[in-house]
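Close look at the chain arrangement
The primary structure of each chain is shown beneath.
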Amino acid sequence: MPPSFLVVSGLGPSGPLKAADLPLGLGLVEAEEEVIDTTAVVATDPDELRDLVAAAVESVVECAVEFDADGDIPVQAGNTVVYVRVEEDSPSVRLFASLLHEVPWSPRVGHTLNEANTRISYGRDAFHDGHVIVEYQMFCRPFVPELMRHAVVGMGLVDGLDVQLQERIGGSILSEHQDGVA
């Protein structure tokens, strides 16, 4: 392919590339800048924060969200359901998914979850009363919708984690949500 069909963008040794600096008739394409919404809102109470969270989650799932009986927003992530919960006693939001149940505690469970946690940047896997959950706590004062959108998308990556953990530590995969687990 002749070089005239190639295009470049980016930075050179002295900053942004300029068309005059390019050899061999290469064309220059302007890099698209990602627009990030850094709007920040301070919610005055948990109800206002719930409304803000619902709007941010709706923008990710692209449909109306509904709160379940526990006040959580369930978000389908493949075969897993991620729940988004506004905490009542602090300006924070907890995102969590129950991955396994009927897991008997053993040192292997602790070791496996600790090992898995080394690969998770912002959340954690935890064992609670025979259940394995993955969770992420997000401080929301101020509330930044863009951060909530990224958290929801990031938690969506848990799909398949239940199968991986079950292969290593046993337990049962949740086919339906067990209210009151987390």
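The structure we're discussing is the one just above.
These lines cover the structure that appears in this document, whether it is placed above or below. (Residues numbered from 1 in each chain as written. Predicted model: local features only at pLDDT ≥ 70, side-chain atom pairs only at ≥ 80, totals over all residues. Heavy atoms only, no water.)

**Section: helix α2 (residues 107-117)**
- V109, G110, T112, L113 and A116 are the residues of α2 that are buried. Taken end-on, α2 shows its buried residues confined to a sector of 165°, consistent with a single buried face. For α2, exposure combined with an orientation more than 90 degrees from the buried face picks out P107 and N114. (Buried < 20%, exposed > 50% of the residue type's maximum accessible area, 1.4 Å probe, protein only. Helix = DSSP H or I, 4+ residues; strand = E, 2+ residues; numbered from the N terminus. Arc of directions from axis to C-beta.)

**Remarks on the nonpolar core**
- Counting 34 residues, the largest nonpolar core has V53, V84, V93 and M148 as its most contacted members.
- Of all the secondary-structure elements, those providing two or more residues to this core are α1 (46-61), β5 (73-77), β6 (80-86), β7 (92-101), α2, β9 (131-139), α3 (145-155) and α4 (161-169). (Core = buried A, V, L, I, M, F, W, Y, C linked by side-chain atoms within 4.5 Å.)

**Overview of the pairing of β5**
- Burial along β5 is one-sided: the residues I73, V75 and A77 are buried and none of P74 and Q76 is.
- When β5 meets β6, the two strands line up antiparallel, connected through five bridges. Along β6, the bridge assignment pairs P74 with Y83.
- Between β5 and β6, which pair antiparallel and follow one another directly, the connecting turn spans two residues, one of which, G78, has a positive phi of 65°. (Pairing = 2+ DSSP bridges.)

**Some thoughts on the packing of aromatic side chains**
- Counted by the stated rule, this structure contains two aromatic pairs.
- An angle of 25° between the planes, with centres 5.6 Å apart, marks the rings of Y83 and F96 as stacked. Residue Y83 is located in strand β6, and its partner F96 is located in strand β7; the two are separated by 13 residues in the primary sequence. Here Y83 and F96 have matching classes, each one buried.
- An angle of 55° between the planes, with centres 5.1 Å apart, marks the rings of W105 and F127 as tilted. (Phe/Tyr/Trp six-rings, centres within 6.5 Å; stacked < 30°, edge-to-face > 60°.)

**A few points about the layout of surface pockets**
- Put simply, the largest pocket is a space of about 550 Å³.
- Forming the boundary of the largest pocket are 23 residues, of which I120, S121, Y122, G123 and G154 lie nearest the centre.
- Every element with two or more residues in the lining of the largest pocket is listed here: β8 (124-128), β9, α3 and α4.
- Top contributing element to the lining of the largest pocket by residue count: α3, with five residues. (1 Å grid on protein atoms, 1.4 Å probe; cavity = no way out; pocket = protein on both sides within 12 Å on 5 of 7 lines; lining within 4 Å. Points joined across faces, edges and corners; volume = space filled by probe spheres on them.)

**Side note on the pattern of salt bridges**
- Going through the model one piece at a time under the given rule, you end up with seven salt bridges.
- Residue E146 pairs with R149 through a salt bridge whose shortest N-O separation is 3.0 Å. A residue pair is termed a helical-turn pair when its members lie 3 or 4 positions apart in one helix, as E146 and R149 do in helix α3 at three residues.
- Look at E146 and you get buried, because its relative accessible area is 15%.
- Members of the salt-bridge network, linked through shared partners, are D47, R50 and E88. (Salt bridge = Lys/Arg side-chain N within 4 Å of Asp/Glu carboxyl O.)

**Digging into the packing of α2 against α4**
- For the pair α2 and α4, interaxial distance at closest approach is 10 Å and the crossing angle is 145°. Crossing geometry of α2 relative to α4 is assigned as right-handed. Residues R108, V109, T112, L113 and E115 of α2 form the contact with α4, whose own contacting residues are L165, R168 and I169.
- Residues that form the contact of α2 with α4 fall into these classes: four nonpolar, one polar and three charged. (Axes fitted to C-alpha atoms, helices over the stretch in contact; angles between N-to-C directions. Left-handed = near helix turned anticlockwise from the far one by under 90°. Contact = heavy atoms within 4.5 Å. Nonpolar A, V, L, I, M, F, W, Y, C, P; charged D, E, K, R; others polar.)

**A closer look at unusual backbone geometry**
- Cis geometry marks the peptide bond from R141 to P142, where omega comes out at 10°.
- Among the structural elements, P142 can be located in the loop between β9 and α3.
- In this structure, D129 is a non-glycine residue whose phi angle is positive, near 50°.
- Structurally, D129 is set in the loop between β8 and β9.

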